[in-house]
Amino acid sequence: MQSHSYEVTTVWTGNTGSGTSGYRDYARSLEVRTPGRETLPGSSDPAFRGDPTRWNPELLLLAALGQCHLLSYLHACVEAGVVVTAYEDRAGGTMAEDGAGGGRFTEVVLRPHVTVAGPSMVEAATAAHVLAGERCFIAASVAFPVRHEPTVVAEDGPRATDAAAPAPAGLAQVRAEIDRIDARLVGLLARRQEQVRLAGTLKTDEAAVRAPDRQAAVLAAVRERALAAGLDTGVAEQVWRAMVAGFVDLELREHAARTSPGS
Ligand SMILES: O=C(O)C(=O)C[C@]1(C(=O)O)C=C[C@@H](O)C=C1
């Protein structure tokens, strides 16, 4: 498992001369610094004597969740073949005080408004928010629900009748694109094969190689992804069944070679 480390420096800049001699005697100003970035002016929420022109921790928490969802979402859209052309999120959060000096966020709602290149992408673009929500590292790290109220629209005008739109592609052009996609798929399958081979070396017998439960889990996951991406689930299932059968055969051949007498 890969891990990543982060560091920021937070410096209080609000000593007005007498330090924290009294609740009203100091400013809440601070600076958040990290090498190579602009310094972020921070403060507390104005409800707690903060400066309304600076970033408070509550806003930064919303900003972290909003950024993280945006970035996870764009990636999920690439995988789903969805072309996003604009994204704007208006996130809101509720923090409740507990009456004893503490408090906690009870909920954050993200309201991303997304524009995609064409009407055929709207459904998959809406579904991609679910995957993005699951993958967002920051949402996965907080102890309150992060809800999504997304809206997705397609860019104006039916593309095919758009005067500026390119002429419909001929069969040769379409086939050239299919060939390019196939070339990428072959590369991905070669990478998959490496991992499958590795898995095979970690298995002790034929039953473990066949692993029907794992095959069912792979198919179920692919079905969900296909639904989210707008890929026909029947096509996805046929392709994956055939592909996994091929890899099981490969693993069985290699397993037999490893365990045959004299090998
Ligand atoms: O996950 C594994 O154990 C694999 O070996 C990979 C794989 C696959 O191609 O997805 C191949 C053989 C198993 O029957 C199950 C799944």
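None of these values were measured; they are calculated from a predicted model. (Residues numbered from 1 in each chain as written. Predicted model: local features only at pLDDT ≥ 70, side-chain atom pairs only at ≥ 80, totals over all residues. Heavy atoms only, no water.)

Right, let's talk about the domain arrangement of the protein chain for a bit. One can read the domain layout of the protein chain as domain 1 (81–167) and domain 2 (171–259). For domain 1 versus domain 2, the distance between C-alpha centres works out to 31 Å. The interface is formed by four residues belonging to domain 1 together with four residues belonging to domain 2. Approximately 270 Å² of surface area, both sides summed, lies buried where domain 1 meets domain 2, with 51% of it carried by carbon and sulfur atoms. Considering only the side of domain 1, the residues that lose the most area to domain 2 are Ala124, Ala127 and Leu131, jointly responsible for 73% of the buried surface there. (Domains from an automatic or database assignment. Contact = heavy atoms within 4.5 Å. Buried area = accessible area lost by both parts, 1.4 Å probe.)

Around the ligand sit 13 residues, and of these Arg192, Lys203, Arg210, Arg214 and Glu251 come closest. Arg210 places a main-chain nitrogen or oxygen 2.6 Å from an oxygen atom of the ligand. Glu251 is positioned with one of its side-chain polar atoms (N or O) 2.5 Å from an oxygen atom of the ligand. If you map the ligand onto the pockets, it falls in the largest pocket. Those elements that provide at least two residues to the shell around the ligand are helix H3 (171–201), helix H4 (206–210), helix H5 (212–229) and helix H6 (233–259). (Near = heavy atom within 4 Å. Polar contact = N/O pair within 3.5 Å; in protein donor to acceptor, adjacent residues only side chain to side chain. 1 Å grid on protein atoms, 1.4 Å probe; cavity = no way out; pocket = protein on both sides within 12 Å on 5 of 7 lines; lining within 4 Å. Sits in = over half its atoms within 2 Å of the grid points. Helix = DSSP H or I, 4+ residues; strand = E, 2+ residues; numbered from the N terminus.)

Bringing the sheet that holds strand S6 (residues 103–110) into the picture now. The strand order S5-S6-S8 describes an open sheet built from three strands, whose pairing is mixed. Taken across any chain shown, the strands that pair with only one partner, and hence form the sheet edges, are strand S5 (92–97) and strand S8 (146–148). Across the sheet, the mean angle from the axis of one strand to that of its neighbour is 15 degrees, orientation sign disregarded. The pairing of S6 with S8 spans three bridges and is parallel. For Val109, the partnering residue across the bridge sits in S8 and is Arg147. The sheet strands contacting helix H1 (residues 57–80) are S5, S6 and S8, and the helix crosses S6 at an angle near 35 degrees. (Pairing = 2+ DSSP bridges. Axes fitted to C-alpha atoms, helices over the stretch in contact; angles between N-to-C directions.)

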